Amino acid sequence: MATWNHILLIDSNSPLMEQLNFFHDHTLLIITLITILVGYNMLSLLTNSFINRFLLHGQLIEIIWTILPAIILLFIAFPSLRLLYLLDETNKPSLTLKSIGHQWYWSYEYSDFKNIEFDSYMVPSTELNEGDFRLLDVDNRIVLPNHTQIRLIATATDVIHSWTVPSLGVKIDATPGRLNQTNFYMNRSGLFFG
């Protein structure tokens, strides 16, 4: 659960979120190195008074500063494309959960079982107990197994809703008249908010 002083990304509870954390760190390292290099060049230009009369005839340096950013973008693009493919891959789910977004609540159906469906309403602020989270706790929570591939099918009845659990790396839009599908896998059991 993220708090007000949380600086880094939320702790991962699924392999996909671990990969998202690694990609974030990888990209942040590249951006930090670029920022240090550009800052050093700007500082050296401000403190340097050397003049080169052949500075305008530098075809080699133009080739370098054109190709180097393209190579840097490839170092960001290839892991990003791999991660996008992994996020969209659905491989033999063991359980299917259907989530239907309504104006003020969600309806859930366990599609693999007969007649297991329920509504999940947010707990009002006046009924919260000590230790409950305002605007996050609900009266009926989803119970899902860990170490199981789970498929989530999301739709809505009225407007576009967003179903998300940040620690699992899952975010999907529930759109009226359309079924959107995603999958996730939980490494450990626990209480996850979203």
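Residues numbered from 1 in each chain as written. Predicted model: local features only at pLDDT ≥ 70, side-chain atom pairs only at ≥ 80, totals over all residues. Heavy atoms only, no water.

- Looking at an unreviewed UniProt entry, one finds the protein named Cytochrome c oxidase subunit 2 and attributed to Forcipomyia taiwana.
- Listed under Catalytic activity (unreviewed entry) in UniProt, the entry text for the protein is "4 Fe(II)-[cytochrome c] + O2 + 8 H(+)(in) = 4 Fe(III)-[cytochrome c] + 2 H2O + 4 H(+)(out)".
- Comment text from UniProt for the protein, heading Sequence similarities (unreviewed entry), reads "Belongs to the cytochrome c oxidase subunit 2 family." (UniProt positions renumbered as here; feature names shortened; annotations may be inferred.)

**A short note on the environment of Asn-180**
- Along the polypeptide, Asn-180 turns up in strand 7 (residues 180-185).
- Sequence separation between Asn-180 and Thr-96 is 84 residues; the distance between their C-alpha atoms is 13 Å.
- Other than its neighbours up to four places away in sequence, Asn-180 contacts Leu-152, Ile-153, Ala-154, Ile-172, Asp-173 and Thr-175.
- Here Arg-178 takes part through its side chain, which lies 3.0 Å from a polar atom of the side chain of Asn-180. (Helix = DSSP H or I, 4+ residues; strand = E, 2+ residues; numbered from the N terminus. Contact = heavy atoms within 4.5 Å. Polar contact = N/O pair within 3.5 Å; in protein donor to acceptor, adjacent residues only side chain to side chain.)

**Topic: unusual backbone geometry**
- Even without a glycine there, the phi angle at Lys-92 is positive, about 45°.
- Along the chain, Lys-92 turns up in the loop between helix 2 (59-88) and strand 1 (95-101).
- Here Lys-92 falls in the exposed class, since its relative accessible area comes to 77%.
- Phi angles above zero are rare outside glycine, and His-147 is one such case at about 55°.
- Within the secondary structure, His-147 sits in the loop between strand 3 (117-121) and strand 4 (149-156). (Buried < 20%, exposed > 50% of the residue type's maximum accessible area, 1.4 Å probe, protein only.)

**Considerations on helix 1 (residues 15-47)**
- For helix 1, which comprises 33 residues, the first-to-last C-alpha distance of 48 Å matches the rise-based estimate of 48 Å (1.5 Å per residue) to within 8%.
- The complete set of buried residues in helix 1 reads Leu-16, Met-17, Asn-21, Thr-27 and Ile-30.
- Check the buried side of helix 1 and you find it contacts helix 2 and strand 7. (Expected span 1.5 Å × (residues − 1).)

**Here's the deal with the sheet that holds strand 1**
- Pairing is mixed across the open sheet formed by 5 strands, whose spatial order is 3-2-1-4-7. Because the sheet does not close on itself, it has two edges, and the strands there are strand 3 and strand 7. Taken over all neighbouring pairs, the strand axes of this sheet differ in orientation by 25° on average, direction set aside.
- Pairing between strand 4 and strand 7: 6 bridges, direction antiparallel. Bridged to Ala-154 within strand 7 is Asn-180. (Pairing = 2+ DSSP bridges. Axes fitted to C-alpha atoms, helices over the stretch in contact; angles between N-to-C directions.)

**Quick word on the UniProt feature "transmembrane region" (unreviewed entry) in the protein**
- Cross-referencing UniProt, the feature "transmembrane region" (unreviewed entry) maps to residues 27-51 and 63-87 in the present numbering.
- Counting secondary structure, residues 27-51 comes out at 84% helix and 0% strand; the distance between its end C-alpha atoms is 36 Å.
- Across residues 63-87, helical content stands at 100% and strand content at 0%; the span's end C-alpha atoms are separated by 36 Å.

**Considering the domain arrangement of the protein**
- Split into domains, the protein comes out as domain 1 (15-48 + 57-88) and domain 2 (95-186).
- Contact residues are listed per partner, giving 5 residues for domain 1 and 7 residues for domain 2.
- Carbon and sulfur atoms supply 56% of the area buried between domain 1 and domain 2, which totals about 410 Å² over both sides.
- Counting the surface domain 1 buries against domain 2, the share from its top three residues, Pro-15, Leu-16 and Met-17, is 71%.
- Taken together, the links from domain 1 to domain 2 amount to 0 salt bridges. (Domains from an automatic or database assignment. Buried area = accessible area lost by both parts, 1.4 Å probe. Salt bridge = Lys/Arg side-chain N within 4 Å of Asp/Glu carboxyl O.)

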